[in-house]
Amino acid sequence: MISVMKELHISSHQRNQMIDITDNVEKIIKKEKIIEGYIIVYVPHTTAGITINEGADPSVQQDIIETLQQLIPRSSNYNHAEGNSDAHIKASLFGSSITVLINKGKLVLGTWQHIFFYEGDGPRNRMVYIHLSKNK
C-alpha cells in the first residue's frame, strides 16, 4: 500500500452549515490516480465534524441542522465559558473522521450519498485532511 496525505481548505459562511465536499475529494482521487484503495477524511476541529448523508436534496441537510438546533440549543446551562458548547456536542455526534472505499477510480458511495463537512461554530476557515491509501 502507498499512502498520500492531502489538505482541503474549507470556508464556512454560517454558524451551522453542512458543506458538500464530495467533488473536492473526487478531484484529489483523480489527481492522485487512485484506482483501488480507500480514503480517510479527518477533521481536526472540536466544533466541526464529517459525515456521509444524502446529497441530492438540500432540504435533508437543512433538516439535520434544524433538528440539531432543537435538540442542542445554542444557549443552555452549559459550563464551558466560550459560548460554543452546543457546537462541541454537535461535532461529537458527527465524529471527526470517515473512511470511504475507492474502486475503479471512484468513491464507493450509495446513489444519494455525499460527504459533508459540518460546521458548528462558523463562519470560519477550516482544514480537512484526506489520507489516501492505494495498492501499488
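Everything that follows concerns the structure shown earlier in this document.
Now for a look at the structure at hand.

Definitions and cut-offs
Residues numbered from 1 in each chain as written. Predicted model: local features only at pLDDT ≥ 70, side-chain atom pairs only at ≥ 80, totals over all residues. Heavy atoms only, no water. Buried < 20%, exposed > 50% of the residue type's maximum accessible area, 1.4 Å probe, protein only. Helix = DSSP H or I, 4+ residues; strand = E, 2+ residues; numbered from the N terminus. Pairing = 2+ DSSP bridges. 1 Å grid on protein atoms, 1.4 Å probe; cavity = no way out; pocket = protein on both sides within 12 Å on 5 of 7 lines; lining within 4 Å. Points joined across faces, edges and corners; volume = space filled by probe spheres on them. Nonpolar A, V, L, I, M, F, W, Y, C, P; charged D, E, K, R; others polar. Phe/Tyr/Trp six-rings, centres within 6.5 Å; stacked < 30°, edge-to-face > 60°. Core = buried A, V, L, I, M, F, W, Y, C linked by side-chain atoms within 4.5 Å. Contact = heavy atoms within 4.5 Å.

A few words on the pairing of strand 3 (residues 36–42). Only one face of strand 3 is covered, namely the face carrying Gly-37, Ile-39 and Val-41; the face carrying Glu-36, Tyr-38, Ile-40 and Tyr-42 is uncovered. Pairing analysis gives seven bridges linking strand 3 to strand 5 (residues 97–103), with the strands arranged antiparallel. Along strand 5, the bridge assignment pairs Gly-37 with Ile-102. In terms of strand pairing, strand 3 meets strand 8 (residues 125–134) through six bridges, oriented antiparallel. Bridge assignment links Ile-39 to a residue of strand 8, and that residue is Leu-132.

With that settled, the discussion passes to the layout of surface pockets. By rolling a water-sized probe across the atoms, one finds the places where empty space is left. Here the largest pocket defines a volume of roughly 170 Å³. Lining the largest pocket are Glu-26, Lys-27, Ile-29, Lys-30, Lys-104, Gly-105, Lys-106 and Leu-107. Of all the secondary-structure elements, those providing two or more residues to the lining of the largest pocket are helix 1 (22–31) and strand 6 (106–107). Here the residues of the lining of the largest pocket are counted per class, giving two nonpolar, one polar and five charged.

Looking now at the packing of aromatic side chains. The final tally for this structure, using the stated rule, is one aromatic pair. When the ring of Phe-94 is compared with that of Tyr-118, the centres are 4.4 Å apart and the planes differ by 25°; the resulting orientation is stacked. With Phe-94 in helix 3 (residues 85–94) and Tyr-118 in strand 7 (residues 113–119), this residue pair connects regions lying 24 residues apart in the sequence. You'll find Phe-94 and Tyr-118 in the same group, each marked buried.

Ile-21, Ile-39, Ile-115, Phe-117 and Val-128 are the most contacted members of the largest nonpolar core, which totals 23 residues. Of all the elements in the fold, those that place two or more residues in this core are strand 1 (2–11), helix 1, strand 3, strand 4 (48–54), strand 5, strand 7 and strand 8. Setting aside chain neighbours within four positions, we find Val-128 in contact with Lys-6, Glu-7, Leu-8, Ile-10, Ile-21, Val-41, Tyr-42, Val-43 and Phe-117. Counting seven residues, the second-largest nonpolar core is a separate cluster that includes Leu-68, Phe-94, Phe-116 and Tyr-118.

Quick look at the sheet that holds strand 3 now. Here we have five strands laid out as an open sheet, ordered 1-8-3-5-6, and antiparallel in their pairing. Each edge of the open sheet is held by one strand with a lone partner, namely strand 1 and strand 6. Taken together, the two bridges between strand 5 and strand 6 define a ladder with antiparallel strand orientation. Looking at strand 6, one finds that Ile-102 is bridged to Leu-107.

Functional significance is not addressed by these values, which are geometric in nature.
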